[in-house]
Amino acid sequence: MSLEYNDHVGRTLSKEEIQEMPVPQRIELIGELWNSVIAAEDALPITDEHRRLLDESIEEYRQNPDAARPWDDVRREVFRSKKR
């Protein structure tokens, strides 16, 4: 498997070469990949079912915004339960 990544040499890197890259450089690669996905968001349409679920969630929030929890709280709870 080859992945195209400009490592300032302008060549294709293998999966193994990418895995051997220093973590900061791999994070940079992830950022570049993610930005390319965001730029092509129209290529990934939301299914009708996902749109329905999003609409339901938004409506539930509008009806009772006090029931919402901050993401940081939810994340802490999830990771705390994984440590057990």
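A. Examining the overall build of the protein chain more closely. Secondary structure assignment for the protein chain yields four helices and two strands. Going from N to C terminus, the protein chain has its helices and strands arranged as β-β-α-α-α-α. When each of the 84 residues of the protein chain is scored for burial, the buried share is 7%.

B. Broad picture of the confidence of the model for the protein chain. Of the residues in the protein chain, 85% have a pLDDT of 70 or more, and the chain-wide mean is 85. The secondary structure element of the protein chain with the lowest average pLDDT is strand 1 (residues 2-4), at 50, and the one with the highest is helix 3 (residues 48-63), at 95.

C. Quick peek at the pattern of salt bridges. On inspection of all chains with the given rule, the structure shows five salt bridges. Salt-bridge contacts for Glu49 lead to Arg52; the nearest nitrogen and oxygen are separated by 2.6 Å. Taken together, the positions of Glu49 and Arg52, both in helix 3 and three residues apart, correspond to about one turn of that helix. A residue is classified by how much of its surface remains accessible, and Glu49, at 42% relative accessible area, is partly exposed. Put simply, Glu49, Arg52 and Glu56 are held in one network by salt bridges that share partners.

Cut-offs used in this document
- Residues numbered from 1 in each chain as written.
- Predicted model: local features only at pLDDT ≥ 70, side-chain atom pairs only at ≥ 80, totals over all residues.
- Heavy atoms only, no water.
- Helix = DSSP H or I, 4+ residues; strand = E, 2+ residues; numbered from the N terminus.
- Buried < 20%, exposed > 50% of the residue type's maximum accessible area, 1.4 Å probe, protein only.
- pLDDT = per-residue confidence, 0-100.
- Salt bridge = Lys/Arg side-chain N within 4 Å of Asp/Glu carboxyl O.

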